[in-house]
Amino acid sequence: MMQVNIQWYPGHMAKTKRELRENLAVVDMVLEVRDARIPSSSHNTDLAKLVAGKPVITILAKADLAVPELTAAWQQALEKERLPTVAMDLGSGQGQRELEKMISSQHQAVSQRLQKRGRQRRSLRGLVVGVPNVGKSTLINRLAKRRVARTGAEPGVTRGKQWVRVGDWLQLMDVPGVLWPKFEDPHTGFYLAITGAISDDVFDYVRVSWLLAELIAKERPRALQDRYDLDTLPQGGAATLEAIGRRRGFLLSGGRIDGEKAALLLLREFRQGLLGPFTLDLPPNF
Ligand SMILES: Nc1nc2c(ncn2[C@@H]2O[C@H](COP(=O)(O)OP(=O)(O)OP(=O)(O)O)[C@@H](O)[C@H]2O)c(=O)[nH]1
Ligand SMILES: [Mg+2]
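The rules behind each value
Residues numbered from 1 in each chain as written. Chains lettered and ligands numbered in written order. Predicted model: local features only at pLDDT ≥ 70, side-chain atom pairs only at ≥ 80, totals over all residues. Helix = DSSP H or I, 4+ residues; strand = E, 2+ residues; numbered from the N terminus. Buried ≥ 20, exposed ≤ 12 C-beta atoms within 10 Å, placed from the backbone. Contact = placed C-beta atoms within 7 Å. Near = placed C-beta within 6 Å. Nonpolar A, V, L, I, M, F, W, Y, C, P; charged D, E, K, R; others polar. Pairing = 2+ DSSP bridges. Right-handed = clockwise from strand over helix to strand, strands pointing away. Axes fitted to C-alpha atoms, helices over the stretch in contact; angles between N-to-C directions. Expected span 1.5 Å × (residues − 1). Arc of directions from axis to C-beta. Domains from an automatic or database assignment. Core = buried A, V, L, I, M, F, W, Y, C linked by C-beta atoms within 7 Å.

Brief notes about the overall build of the chain
The helix and strand inventory of the chain stands at 10 helices and six strands. Judged by the C-alpha coordinates and their principal axes, the chain covers about 80 × 35 × 35 Å.

Some remarks on the environment of Arg 34
Structurally, Arg 34 is set in strand β1 (residues 29-35). Judged by C-beta crowding, with 26 C-beta atoms within 10 Å, Arg 34 ranks as buried. Leaving out residues up to four positions away in the same chain, Arg 34 has contacts with Pro 39, Ser 42, His 43, Thr 58, Ile 59, Leu 60, Gly 130 and Val 134.

Section: the site of ligand 1
Taken together, 25 residues surround ligand 1, and among them Leu 90, Gly 135, Thr 151, Thr 158 and Gly 177 come closest. In terms of residue count, the dominant contributor to the shell around ligand 1 is helix α5 (residues 136-144) (three residues). Residue composition of the shell around ligand 1, grouped by class: 10 nonpolar, 11 polar and four charged.

Concerning the pairing of strand β2 (residues 56-61)
Where β1 lies against β2, six bridges are found, and the strand directions are parallel. When the bridges of β2 are listed, Asp 35 appears paired with Ala 61. In terms of strand pairing, β2 meets strand β3 (residues 85-87) through three bridges, oriented parallel. By the bridge assignment for β3, Thr 58 is matched with Thr 85. In this fold, β2 hands off to helix α3 (residues 68-80), which returns the chain to β3; that crossover is right-handed.

What to know about the sheet that holds β1
A sheet is described by the order of its strands in space; here six strands give the open sequence β3-β2-β1-β4-β6-β5, paired in mixed fashion. Looking at which strands have only one partner, the edges of the open sheet turn out to be β3 and β5 (162-166). Each neighbouring strand pair of the sheet contributes to a mean axis angle of 25 degrees, computed without reference to strand direction. Bridge count for β5 against strand β6 (residues 170-174) is five bridges, and the pairing is antiparallel. The partner of Val 166 across the bridge, within β6, is Leu 170. With respect to the sheet, α5 is in contact with β1, β2, β4 (124-130), β5 and β6, its orientation differing from that of β6 by roughly 160 degrees.

Considering helix α1 (residues 11-23)
Under the 1.5 Å per step criterion, the end-to-end length of α1 is 19 Å for 13 residues, consistent within 8% with the ideal 18 Å. Of the positions making up α1, those classed as buried are Thr 16, Lys 17 and Leu 20. Angularly, the buried residues of α1 cover 100 degrees about the axis, an arc narrow enough to put them on a single face. Exposed and oriented more than 90 degrees from the buried face of α1 are Gly 11, Ala 14, Arg 18, Arg 21 and Glu 22. The elements touched by buried residues of α1 are α2 (45-50).

A look at the domain arrangement of the chain
Taken domain by domain, the chain holds domain 1 (11-174) and domain 2 (204-271). Put simply, the middle of domain 1 and the middle of domain 2, counted by C-alpha atoms, are 35 Å apart.

Regarding the nonpolar core
Counting residues in each nonpolar core, the largest one holds 69 residues, and the members touching the most others are Ile 59, Ala 61, Met 88, Val 128, Leu 212 and Leu 266. Broken down by element, the residue count for this core peaks at seven residues, all from helix α7 (residues 205-219). Of the residues that make up this core, three or more belong to each of domain 1 (11-174) and domain 2 (204-271). Setting aside anything within four residues of it in sequence, one finds Met 88 in contact with Ile 59, Leu 60, Ala 61, Ala 63, Gln 94, Gly 95, Gln 96 and Leu 99.

Structural notes on α7
The end-to-end C-alpha distance of α7, which contains 15 residues, comes to 20 Å, matching closely the 21 Å that a straight helix rising 1.5 Å per residue would cover. Of the residues making up α7, those classed as buried are Tyr 205, Val 208, Ser 209, Trp 210, Leu 212, Ala 213, Leu 215 and Ile 216.

Looking at the environment of Arg 82
Mapped onto the elements, Arg 82 comes out in the loop between α3 and β3. What makes Arg 82 exposed here is the crowd of 7 C-beta atoms within 10 Å. Here the alpha-carbon distance between Arg 82 and Gln 171, two residues 89 residues apart in the chain, equals 24 Å.

Structure (structure tokens):
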């Protein structure tokens, strides 16, 4: 079914990766933000290699948009790999207390190491990484309890690196979202696209929205019918979007249906969780 080949590795991502490498020496810890709907497709193994050796805390963000039992299973699976993990809804702040505890114990560990070497205590320095639009800047604003970083519902909002002071003893570096040069598995690009990590300008969003309609029709047909008030679901994504467009009155001159508008609507509403929670990457052994 997944007949799209999406790739996105613009120059600014390669530049960000270089900057990360240059700043790594001063970083004590990495906060890797993954999307709870796609914990494996949103994991950047390229960056993971780069930061190997640093303690990593994994945040499963947008947990409010994922299936809770599957998020719990993912958390278990990651912790089995010795990756401390916390599921968060950055809108409500769910999970924040737990994350703050994890960060604080990192600070203690670093302080003890410094003390042993007869050096002064200092702030903990953390690097926040993840795919575009996953919630990195939102997380930083939450932890800082003020709006220091710009956020927005499309990928590529953060343009350059920025150190942010959080409380008395923590500094976090916000960077633009980074992907990797090639998605080997075609599902990866597709999942990143439908969850909003890839700019709509770089893929055929009408086609992708057809495929999304087919995915939802297969997994959760009722959600699609209820949301768009469809008595029956037509066969195939194109016809489904046509039906949605007709229902919503998306008409072009001559009475044709505006399929493009319907495609964008479905993508937007899926990303907002209006078709219900979805976990697209299943946890291992599930
Ligand atoms: N539903 C939901 N939305 C979230 C959550 N976290 C962030 N968002 C939304 O996701 C969008 C992207 O958030 P940002 O913090 O700008 O993401 P970013 O990772 O900094 O993105 P870039 O800077 O573009 O790489 C915003 O519209 C946020 O409000 C969450 O836990 N749940
Ligand atoms: Mg950002």
